[in-house]
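# Descriptive analysis of the structure
Given next are the chains, with one letter for each unit.
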Amino acid sequence: MLRLRTQAVAKFKSHLLGGDRQSAISAAAIATANRTYATESPVPESADVVIIGGGSAGCNTLYQLAKRGVRAVLLEKSKLTAGTTWHTAGLVWRLRPNDVEIRLLAATRDLLMSLEEETGQNSGWINNGGLFISHSPERLDEYSRLATLGKCFGIESHIIGPEEAQKIFPPLDPSSFTGALYSPGDGVVDPAMMCTALTKGATANGGRVIEECTVTQIITGENLLGMKDVRGVLTNKGMIRTNTVVNATGVWGRDLIEPLGVFLPLIPMKHAYVVSETMDTIHQMLPNVRDHDFSLYFRIQGKSICMGGYENNPILLNRVPGDFHFGLYDLDYSVFDTHIQGAVKLCPAFGSAGIKSTICGPESFTPDHKPLMGPDPTVSGLFHSVGYNSAGMMLGGGCAEQLAKWIINERPDRHMFAYDVRRFTPKQKKALNWATERSHEAYAKNYSIVFPHDEPLAGRNFTVDPFHKQMIQYGAVMEERHGWERPGYFLPDETVVVQPYDWYGYYDHPKNANTHYEEALKGDYTFGFSEHHDLIGEEALTCRHDAALFNLSYFCKLFLTGSQAKEAAEWIFTANLDKPINKTVYTCALNKNGGVEGDVTVSIVESGLGGLHDPIFKGRGYYIVAGGASAYHTKCHILSAIQEKAFRAVVSDHTEELGVLSLQGPKSRDILQKITDFDLSNEQLLPLNSTAILTIKINPHYSCNVRVLRVSFVGELGYELHIPEESCNDVYNALMKAGYKESLRNAGYRALYSLSSEKGYHLWGFDLRSDDTPIEANLGFVCRKNGEYQGKEIIDRQRENGVNRRLAFFTVRDQVPIWGLEAVYRDGEIVGHLRRGEYGYTLQKPIGQAYVQRSDGSPITNQFLQSGRYQIEVMGKLYDADCHLRSPFDPKGERLLGIYK
């Protein structure tokens, strides 16, 4: 291992110039090492924001904050880029299977192209294009989906054959692959030049950079409600008073914050590339190449190829030494050789060129291969921008822009949930073994095809609900969300058990002999209809015709109580909650931009008998139920609002203590009536959208109490039973026994989401997000016109002026699978893309939701939506579609009332 410490800058330069393994790093890195910022002068007494870490994340954040007039200072313990930024490959792609990421990448690219004009400093950006290589029809299908989504954002790309790809990149062997995607707008950036340009722009706007400044402590206090908050930072040069700190310390992201009791699922690993000798057929304007099937990339550097990738057995690190500045490791060819083999197959000339140098440095990786960003939920004023998974160059600009808005406006203007640190629960963030397993698999699968349905093998059975064993006994094929196991669908007469993680057979772990679960997953490895399509349809249609039982136990379950619980609820939620006791209300919780941070049901409840489902408290209380995939995010949003307003209110989390069974379908009332004396037919006792305490008869000698909510996520007559953990198994067995003659069957989330979409209900994170307002999402009916709630000013303005985009429901006339991200055309013009795609088994059509937007920015009207010819592009082909203002399934909602014709 070679370390280049700050005092050895001269030695560092000699390596750069001497053709050593560091010779791959650009000469601009020499300027970075030589460049001087404030190192001797004292630190300022105070700052609006202190950024810790002088890599891509820190420099981008400083630039974005200073540009907005924020008095920000960046502290770097060595020199800028000395951590991991200096040795990064610097690839910048434009296409991702996610509309938010495409926008983030575009923001980075736009910044790189404009920095030189703004600062007079070359940003190191080279627009040489990008080429994605395919070896299979499924991979080419994935590229077709990327190209289709790219059209919605004006990104040029082309699906081409091997011969055409060879014309663009002559050294490729066209016989070694089957096709490619060419994106001429892709490029590469020099990290040192980029950071130099960013800091020059930042300092011109009042930002400060202080190198050789080590932060030894983040100083915290305690606010009036007992939450930790940032008060300053202590450094080797003195103290800086501040209320806002950005943790941009890369692979060291865990080190400084753990003394505060803050944990991040951040795993350092060795990541490498090699640099070829000069090649006659290579020049700088050849495109960068990504061969996902061989899990490797080519980055062009002058007349050489830099080649790296993602192997199945990366070298995992515990921690990186704090003084590992400008440091590299020796390359382990036993790990890296798999990439060389693939590179030689794809580009035979690479094999004969020879290796000039190797670059192997530490990088930070996360359980889902996404950055960790945003406000820490446990320390007010602490923000994170770490864990970029070796993609900090391409995401840095876009993410920093959103982080700056997060700090200044308290929310970004993009839906950043996939990057928000609050997507992980405290339990997940503290579980190092879980984070290591998941980060390893995410690294190994980074270049795998992103199918609509796939599940991790690592970190499973982390949190299981009380029904888990019964789900497995009935043949559940489990999915993982938010650390919880939940049933995806059921294989009759089979038992599918998720095995302990085998690390793909590496690190002396034998591969699992039982591959039943993996084989079940392979049935979904397609962009066509799943092998399980008909089975899922049987579950969905049983719900429509008879009854189905859904396990919703991982849903978020909170009680809001206290002397100001009413004031808190009215501020947080949009709907009118001035309702009688036991009324259940569907409502949204908004941010200050009017975006939907969560959609939940709120039941107005009174003090009970002391059970988990029926707690004792003073005054009026509120029982809040939210989707499980964003449970912690929802809880954090509620707590944040209470903190900001200093409401005297308490949130009690009963998520892990209550199981939930949702009994849905025409026969649901008859089944439930068999095991309770409560008169379910009396609409005065338990009308639609209400709650009550039910006594369930388990046997003649034993009964238990549960909370029942008469609500439905699928558009049917139905009941949700919220059950104390100790009674869950008994209630489940009683229900299955009572429903045996009524054709009751278990159903999973795949059927649930199909049914929900078919009814036209929303799914947060897909067709309802933090960058969508209720008015845009056709949820104006849940927003009251009286009183005040967060975001109401935006809602009132949109009600008056209209909106220039609106959610619409689509059915496709052909039997073609849609999954979301498909482009939507109106009269030949792209007007949006599907946020969500499902198959409606009752409608017998593919269905989807998209926000339709007018190109001229005019308000969207019903007349505009209902006129015009609509088509949806699937795999490059246009299919006729019908646009609906709302789902055509049961438009009057009669089935919810138990009215079946």
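Residues numbered from 1 in each chain as written. Predicted model: local features only at pLDDT ≥ 70, side-chain atom pairs only at ≥ 80, totals over all residues. Heavy atoms only, no water.

## Overview of the overall build of the chain
Secondary structure assignment for the chain yields 22 helices and 40 strands. Against the 2.2 N^0.38 benchmark of 29 Å for 901 residues, the chain shows a C-alpha radius of gyration of 28 Å, consistent with a compact globule. Overall, the C-alpha framework of the chain stretches about 85 × 65 × 60 Å when taken along its three principal axes. Within the chain, counting contacts between residues at least 6 apart in sequence, those at least 24 apart form 72% of the total. Carbon and sulfur atoms make up 49% of the accessible area of the chain, which amounts to about 32600 Å² in all. Here the chain contributes 92 positively and 103 negatively charged side chains, and the mean placements of these two sets differ by 4 Å. (Helix = DSSP H or I, 4+ residues; strand = E, 2+ residues; numbered from the N terminus. Rg over C-alpha atoms; globule rule 2.2 N^0.38 Å. Contact = heavy atoms within 4.5 Å. Areas by Shrake-Rupley, 256 points an atom, 1.4 Å probe, with all protein chains shown as cover. Lys, Arg positive; Asp, Glu negative; His and termini not counted. Charge placed at Lys NZ, Arg CZ, Asp CG, Glu CD.)

## Focus: the environment of Glu 494
Of note, Glu 494 is situated in the loop between β23 (484-490) and α14 (516-522). Given the relative accessible area of 32%, Glu 494 is considered partly exposed. Residues Glu 494 and Ala 575 lie 81 residues apart in sequence; the distance between their C-alpha atoms is 45 Å. Each residue touching Glu 494, except ones within four places of it in the same chain, is listed here: Ile 472, Tyr 474, Gly 475 and His 516. (Buried < 20%, exposed > 50% of the residue type's maximum accessible area, 1.4 Å probe, protein only.)

## What about the nonpolar core?
Residues Val 50, Ile 51, Leu 75, Ile 218, Val 233, Leu 382 and Leu 395 are the most contacted members of the largest nonpolar core, which totals 101 residues. Looking at which element gives the most residues to this core, the answer is helix α10 (residues 392-409), with eight residues. Two domains share this core, each providing at least three of its residues, namely domain 1 (46-127 + 185-266 + 366-419) and domain 2 (130-178 + 268-356). Ignoring anything within four residues of it in the chain, the contact list for Val 233 reads Val 50, Ile 52, Leu 75, Val 215, Gln 217, Ile 218, Ile 219, Gly 238, Met 239, Ile 240 and Val 245. Counting residues in each nonpolar core, the second largest holds 75 residues, with Val 477, Tyr 489, Leu 552 and Leu 721 among its members. (Core = buried A, V, L, I, M, F, W, Y, C linked by side-chain atoms within 4.5 Å. Domains from an automatic or database assignment.)

## Re the sheet that holds strand β21 (residues 382-386)
Taken together, the six strands give an open sheet; going across it, the order is β9-β2-β1-β13-β21-β19, and neighbouring strands pair in mixed fashion. At either margin of the open sheet sits one strand with a lone partner, and together these are β9 (208-210) and β19 (372-375). Ignoring strand direction, the axes of neighbouring strands in this sheet form an average angle of 20°. Strand contacts of α10: β1 (49-52), β13 (245-247), β19 and β21, with the helix running at about 20° to β19, the strand carrying the most contacts. (Pairing = 2+ DSSP bridges. Axes fitted to C-alpha atoms, helices over the stretch in contact; angles between N-to-C directions.)

## Quick look at the packing of aromatic side chains
Inspection of the entire model under this criterion finds 26 aromatic pairs. Measuring from centroid to centroid gives 4.9 Å for Phe 324 and Tyr 329, while their planes differ by 25°, and the two rings are stacked. You can call Phe 324 buried: its relative accessible area is 0%. Arranged with centres 5.1 Å apart and planes meeting at 70°, the rings of Tyr 839 and Tyr 841 form a pair that is edge-to-face. Here Tyr 839 and Tyr 841 have matching classes, each one buried. Members of the aromatic cluster, each reached through a chain of ring pairs, are Tyr 310, Phe 365, Tyr 443 and Tyr 447. Directly above the ring of Phe 864 sits Arg 826, whose terminal nitrogen or CZ lies 3.7 Å from the centroid. (Phe/Tyr/Trp six-rings, centres within 6.5 Å; stacked < 30°, edge-to-face > 60°. Lys NZ or Arg CZ within 6 Å of the ring centre and 35° of its normal.)

## Details of the domain arrangement of the chain
Accessible area lost upon the coming together of the parts is a frequently used measure of interface size. Split into domains, the chain comes out as domain 1 (46-127 + 185-266 + 366-419), domain 2 (130-178 + 268-356), domain 3 (467-551), domain 4 (555-654 + 773-800), domain 5 (657-742) and domain 6 (764-772 + 804-894). One C-alpha centre belongs to domain 3, the other to domain 6, and the line joining them spans 29 Å. In this assembly, nine residues from domain 3 lie in contact with nine residues from domain 6. Carbon and sulfur atoms supply 73% of the area buried between domain 3 and domain 6, which totals about 850 Å² over both sides. Looking at the side of domain 3 facing domain 6, the largest losses of area belong to Phe 527, Phe 529 and Arg 544, adding up to 55% of the total buried there. (Buried area = accessible area lost by both parts, 1.4 Å probe.)

## Details of the sheet that holds strand β18 (residues 355-365)
In space, the eight strands of this open sheet follow the order β6-β7-β5-β15-β16-β17-β14-β18, with mixed pairing throughout. At either margin of the open sheet sits one strand with a lone partner, and together these are β6 (158-160) and β18. Going from strand to strand, the sheet's axes swing by 20° on average, the running direction of each strand aside. Of the pairings in the sheet, the one linking strand β16 (residues 296-301) to strand β17 (residues 304-309) comprises six bridges and is antiparallel in character. The residue of β17 that forms the bridge with Tyr 297 is Gly 308. Across the face of the sheet, helix α5 (residues 137-151) comes into contact with β5 (130-134), β6, β7 (179-183) and β15 (288-291) while running at roughly 145° to β5.

## Here's the deal with the confidence of the model for the chain
Should pLDDT be low for a region, the predicted coordinates there are not to be read in detail. Averaged over all residues, the pLDDT of the chain is 94; the fraction at 70 or higher stands at 95%. Across residues 1-34, where pLDDT falls below 50, the model places 78 contacts with residues more than four positions away in sequence or in other chains. (pLDDT = per-residue confidence, 0-100.)

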